[in-house]
Structure formats: C-alpha cells, structure tokens
There are 2 protein chains.
Amino acid sequence: MAQIRDVSKRAGVSPATVSRAFSDPSKLSKDTLKRVLKAAEELNYKPNSLAQVFRVKRTNTVLVLVPDIANVLFARVLSGIERIAAENNYLLLVSDTKDDIALERAGLEMVETLRADGIIQLGERPLGDLHTHPEPSKVPFVHAFDTPDAVPYPTVRINNVAAADAMASYLLALGHRRIGVLAGLKDRIVTRERLRGFRQALDSFGVPFEESLVEYGPYSMAGGAQSALRLLSRNRDLTALFTMSDEIAIGAVRTAMDLGLDLPANLSITGFDNIEFGKFCTPPLTTVMQPAERIGEVAMTLMCNLLAGETTGDAQQTLATELVIRSSAKRLAQA
Amino acid sequence: MAQIRDVSKRAGVSPATVSRAFSDPSKLSKDTLKRVLKAAEELNYKPNSLAQVFRVKRTNTVLVLVPDIANVLFARVLSGIERIAAENNYLLLVSDTKDDIALERAGLEMVETLRADGIIQLGERPLGDLHTHPEPSKVPFVHAFDTPDAVPYPTVRINNVAAADAMASYLLALGHRRIGVLAGLKDRIVTRERLRGFRQALDSFGVPFEESLVEYGPYSMAGGAQSALRLLSRNRDLTALFTMSDEIAIGAVRTAMDLGLDLPANLSITGFDNIEFGKFCTPPLTTVMQPAERIGEVAMTLMCNLLAGETTGDAQQTLATELVIRSSAKRLAQA
C-alpha cells in the first residue's frame, strides 16, 4: 500500500500537507488540495483511519450489546441497526453479553478507552442504570426494549401493556374465559408489563384473574413446550393459551399436538413478536407484530443524533404494534 | 476518569514511565512497575487502549462479514465466533454485506487502514478470491461455508456432497423413487454441491435423474413455499421432496398442507441445517445437522492462530454432519 511519503513526493508537497488534506482540507489552497488528492488516487493511497481516530477521538464505531445474538428477534433488530449504521458510515462492534453484567461493564470501559463512540443496548437490565449511578456517565447511550420508565437516556420500545391487552381482548372477544398464560421469566420488565396488559383485558371483560393459570419460563421454544405441559396437565379446562412470545407459542403448539389436541379446535394459542416462522408453522400463528427492524433503525438513528449533538439525552420513542390474525386462535365453540 | 498525569503524580514517576508500565512493562524495575500499577488501581486509571493500538498496530478486533445477519443459521455461527473471540479478548466488528461486493471490498480496506486485524467471511463469494487477485493480500482472512476448492487461506466447512448423498439415500432406502428437489439459488456453490450429492445417491440406487424434478429458488421459507407450489402442480406423482435447507422445507410443508396433503402420509419432506424450529414444527423435520456454532468457533480459532502466526495460510477444516431423523419422512406405503 502507498505511504504518505509516496504521495507527498508525487504531489511535491510535505507529508504534513498530505496529512492535512485528509484531516483538515479547508486549511489548504484549492490547487494544493487537488494535487494531493490526485496523487493519492493515482497511488491508491488510503489515509490511516486509525491515526485520524487518534487525532479526533472519534472512532465512527458503535458498540451494540445483545443479550443473545442467536435470538431471531435480536438478529432482526441488529439488521435494522446495521442498515442505518451503514448509511451513516458507522461500523458496529457487536458483543453477545449473555446477560452477564461483567461483560456489560466491559462495554462501558470500551467507550471510555476510545474503542467506540457510544453504546446501544438491547433487552433487559439496561447498562444505563449502572452508569447513572453514582454519577451519570458521559458515554452516549441508547436503550432498546424493556426499558424502565423515566430514564435519562434515549430509548425505543413498544407499549407492552397495550399490545398484551389487545391480544388478550381478542381472545376474550372470541368467547374464551378459561385462558392460561405462558409467561416469560418472572423478573423481566417485559413479562410484568405483558401480564399487566393481560389482566387489564380480563378486568374490562369482568373476568377474574387466577394466578394459578400463569406459568413462567424462558422465552424459548423449549421453555414454551415445558410450561405448556405443566399448565395443561394441571388445568384440563383451558380453551386458550395467551403466550408472551412466538417461540413460547410454537413450543406450546408442539406440546398440545403431542398431547393429541386438535388445534385450534380444542385449544387456541396466541404468540407475541411476529417472527417469520409464525407465518409458516401449523397452525399459522395469531400474534402481535413487534417492528423489530424498525426498532433497530430508530435506535441507531437516535445514536447518530446523540453523537451529532442533535438529541437531548431523554428522547423516548414508542413504536406501534398491531395484531396479526392468522388461524391459531378461533371462536370458542358453544358447549 | 483518572488521567495518566494523576497516576504519575501519585506514583512519583514521569508520565512516560506510567505509559511504559502498560505498553512495555519489562523495561521497568519491579519496584517501579508495582508502584505504578498500585497507583493506577487506586485511581481506577484505564490506559487509553486506542493509543496502544496506534503504537502496536494491533486492534484486537476481527471483522466478520455476514451475507444476512438476520438469517438464523448465520446468527448461530456468529454466536460461536463471539464465544471464542471473548475467550481470546478479541472484539467483533460485524458487517451485513447483503451479498454486495462493494461492501465486501470496504471490509478489506478496513483492515488495511488498521480498523481490524483480520476478516472472517461467512457464506458464498469469498472475499479471499477478490483479494488474491492480482496479488495475494497480507490481510489475515478466514472463510466459512461454501468455499471453492484449493484456496490459499484457512477455511471451515462441511462436506455438502456427502451430507446430501446421505439424506437422499435415506429417502431412497425408504422406498421413494419419485423425489422432487427444492434446490437453493442455482449459481451457488452450496446448491451445486448438494445437487451433486443427491445425484450420487440416485446413481447408487440405479434411479435416473430428471432435471424437470428440480426447482431452484431462494434459501428462505417464502422461496420454499413458492418452489413447492410450482413443482407439486407440475408433478402430481411425487412421493418425497428433498430440500436444500430447513427454511425451504418449512415453506414446502406449509404449501403441501395448504394443498390438503396429509404429511408425511402423502408426501415425505426432508430439510438441511437442523435449525431449532425444525424440531418444533409439524411434522418435526427430518434433516441434516450442520454444526453452526462449531463452525463459528473453529473459524475464530483459525483466525486467532493466524494472527498469532501459528497457522499456515491454508488450514482447511471439514466438520462432520449427521442425519437427524424425525417424522417428516416416512417409508413409502405399498401402492
């Protein structure tokens, strides 16, 4: 690769002038600038971007902390982040934190030591809570999904309470009264919010809530299959399952079929997320559309604004969800 | 955050000595080194890693080029890469190239300009082919999946021919003779290799190959659903579909069910990859296990070795696959 001195020789200027042509071109005369850029192009010279980073303390890199990189939903969010990053010439460092707090702290340190300009964190337990205590960090930070209320950094999320209320109300409107809940992990904000939405729907239909009809477990197909087995063994009169993710729902469908149930005739099951598989599985899944790619795009846009000094630190964005009605939930047959 | 001069003051040494303690500690006396590290710890001082990078021209960062970050299989490979990277203190830059050659070239430039130490590329059209022409690049490069034969860089892949032969032989052994093929995109190495394996199996069972029973399309559920519709409309006597990915197979299952076929009684369908959904969908999918996480782990291990100067440039690794027999393919009923 051509070096700075090769360009300086060819253009007949000093190496410092070549350097300035790439870092602060307005300082040069038009003629000189033109000569340097022409020489650089002819020699295929690429200015050492690391040297530039060192000078301006900007890396044009954003660190994304993902709780599980192999999760379909997060992969789609990442795809949205990556699209906006590419448009704005940002690179993405991606770290799979596996929900490990030490790995999340390491991320914070990376920004403090100039490896990245800012952090986007997906999922639960936002790092932002760590670094606002004891004093707010200077690290540009955006959080997506499952954010607690009233935080001092930009966030993008959906209204989980309203979305869960809408989905549960749909089941209630179909005539279901004995509805089991396959919830996610009990300590998650998202789980608590979706359960609140479910209870809100029961209230408005005048149906009492029964804690014994709720089964908690991981947000996964295997988790859904196991929760469904426990819940259905205990309660043989359930006519519907309200689940907190499509993966949980798909696991529950597997269990119900293995138990010999005819779906949806014997049991209605709803999902949450609208992952692509829900459209192709049997029966095709009625669910809540979460705009995963869009969440990623908005998160990265907020980060770009933040780094450009164009956003105040607390821009909160809530994106719309919608019910996707397919065939896994049906009107309750008259007894 | 504490600065270098704070540490130098507290330890009673010059800032240059503090710097040396982190960059070249063997140059200091044991006593001095101890004093500096103690002061640094007490002040929670973090050496500016970017400055270190600039000095040693090592970023401890590896760029991963992914053709589609939202693809389940690539997400799992990425998860394996990330695990080994974390163990070896490497960071990952992830770029979704969307199969765009310009974006792949941009990746190469990032290494030349010291933003990353090396590149791991997943999927088709390895960048390695670009940058070996006209002269081999000095960029450390590892390729995973779909690599042409005899390349001058480390690769990790499976034996697609043998795996496809095994899967097709299983269908033939079950008595199927009219087998349709739902292939991936026609110009892909992986498609050609899996088709070769399929034909090899037909040969060994003495069954003639018919090009009209092959339908090409994208490696996706939507692609599989459409290819299946075209193929099944044209050929009503097929008793089995050999597909080139689980996503294609799941799309084909949807189409077959929508056509009113009883699966697997009327039609056997096999997949390829062993993604998690295949285990939970209906009918559970018979498929070929591709060790996706392991492929990622091996790719990153090869990269670590390459960067440590411990691997020659052409270490080729082929990982084992195995048939996963579930219930989507059944013995052909006697006519």
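The structure presented is a predicted model; accordingly, all values stated were derived computationally and were not measured.

1. Focus on the overall build of chain A
Right, so step 1: Helices and strands together make up the secondary structure of chain A, namely 13 helices and 12 strands.
Right, so step 2: A burial count over chain A gives 57% of its 335 residues as buried.
Right, so step 3: Carbon together with sulfur atoms contributes 51% to the accessible area of chain A, which is approximately 14400 Å² in total.

2. A closer look at the sheet that holds strand S8 (residues 240-243) of chain A
Strands in a sheet are paired, the pairing made by backbone hydrogen bonds, and the direction either parallel or antiparallel.
All names here are of chain A.
Right, so step 1: Strand order in this open sheet of four strands is S7-S6-S8-S9, and the pairing throughout is parallel. Whereas interior strands pair on both sides, the edge strands pair on one side only; in this sheet they are strand S7 (214-215) and strand S9 (268-270).
Right, so step 2: Looking at chain direction, S8 and S9 are connected through three bridges and run parallel. Directly across from Ala-240, in S9, lies its bridge partner Ser-268.

3. Description of helix H3 (residues 30-42) of chain A
Residue and element names in this part refer to chain A.
Right, so step 1: Over its 13 residues, H3 extends 18 Å from the first C-alpha to the last, a length consistent with the 18 Å expected when each residue adds 1.5 Å.
Right, so step 2: Within the span of H3, buried status applies to Thr-32, Leu-33, Val-36, Ala-39 and Ala-40. Take H3 and look down its axis: the buried residues cluster within an arc of 135°, on one side only. Those residues of H3 that are exposed and aimed more than 90 degrees away from the buried face are Lys-30, Asp-31, Lys-34, Lys-38 and Glu-41.

4. Regarding the pairing of strand S6 (residues 179-182) of chain B
All names here are of chain B.
Right, so step 1: Burial along S6 is two-sided: the residues Ile-179 and Val-181 and Gly-180 and Leu-182 are all buried.
Right, so step 2: Relative to strand S8 (residues 240-243), S6 runs parallel, the two sharing four bridges. Across the sheet, the residue bridging to Val-181 is Phe-242, located in S8.
Right, so step 3: Direction of pairing for S6 relative to strand S7 (residues 214-215): parallel, over a ladder of two bridges. Each residue of the ladder has a partner; that of Val-181, found in S7, is Val-214.
Right, so step 4: Assessed by its sense of winding, the connection that carries the chain from S6 through helix H9 (residues 189-204) to S7 is right-handed.

5. Points about the domain arrangement of chain A
Right, so step 1: Looking at the assigned domains, one finds that chain A contains domain 1 (4-56), domain 2 (61-158 + 292-321) and domain 3 (160-290).
Right, so step 2: Using C-alpha coordinates to define each centre, domain 1 of chain A is positioned 62 Å away from domain 3 of chain A.

6. Structural notes on the confidence of the model for chain A
Right, so step 1: Averaged over all residues, the pLDDT of chain A equals 87, while 89% of them reach at least 70.
Right, so step 2: Across the interface, the model reports ipTM at 0.79; the global pTM reads 0.82.

7. Concerning the packing of aromatic side chains
Right, so step 1: Considering all chains together, one arrives at seven aromatic pairs over all chains under this definition.
Right, so step 2: Consider the rings of A:Phe74 and A:Phe145, whose centres lie 5.8 Å apart with planes at 80°: the pair is edge-to-face. Within this pair, whereas A:Phe74 is found in helix H5 (residues 72-87), its partner A:Phe145 is found in the loop between strand S4 (141-144) and strand S5 (155-158), the two being separated by 71 residues in sequence. In terms of burial, A:Phe74 and A:Phe145 fall into one category: buried.
Right, so step 3: An angle of 40° between the planes, with centres 5.0 Å apart, marks the rings of A:Phe198 and A:Phe242 as tilted. Of the two residues, A:Phe198 is situated in helix H9 (residues 189-204) and A:Phe242 in strand S8; the sequence distance between them amounts to 44 residues.
Right, so step 4: In this structure, B:Arg194 is placed above the aromatic ring of B:Phe272, and the distance from its NZ or CZ to the ring centre is 3.7 Å.

Quick notes on the rules
Residues numbered from 1 in each chain as written. Chains lettered and ligands numbered in written order. Predicted model: local features only at pLDDT ≥ 70, side-chain atom pairs only at ≥ 80, totals over all residues. Heavy atoms only, no water. Helix = DSSP H or I, 4+ residues; strand = E, 2+ residues; numbered from the N terminus. Buried < 20%, exposed > 50% of the residue type's maximum accessible area, 1.4 Å probe, protein only. Areas by Shrake-Rupley, 256 points an atom, 1.4 Å probe, with all protein chains shown as cover. Pairing = 2+ DSSP bridges. Expected span 1.5 Å × (residues − 1). Arc of directions from axis to C-beta. Right-handed = clockwise from strand over helix to strand, strands pointing away. Domains from an automatic or database assignment. pLDDT = per-residue confidence, 0-100. Phe/Tyr/Trp six-rings, centres within 6.5 Å; stacked < 30°, edge-to-face > 60°. Lys NZ or Arg CZ within 6 Å of the ring centre and 35° of its normal.

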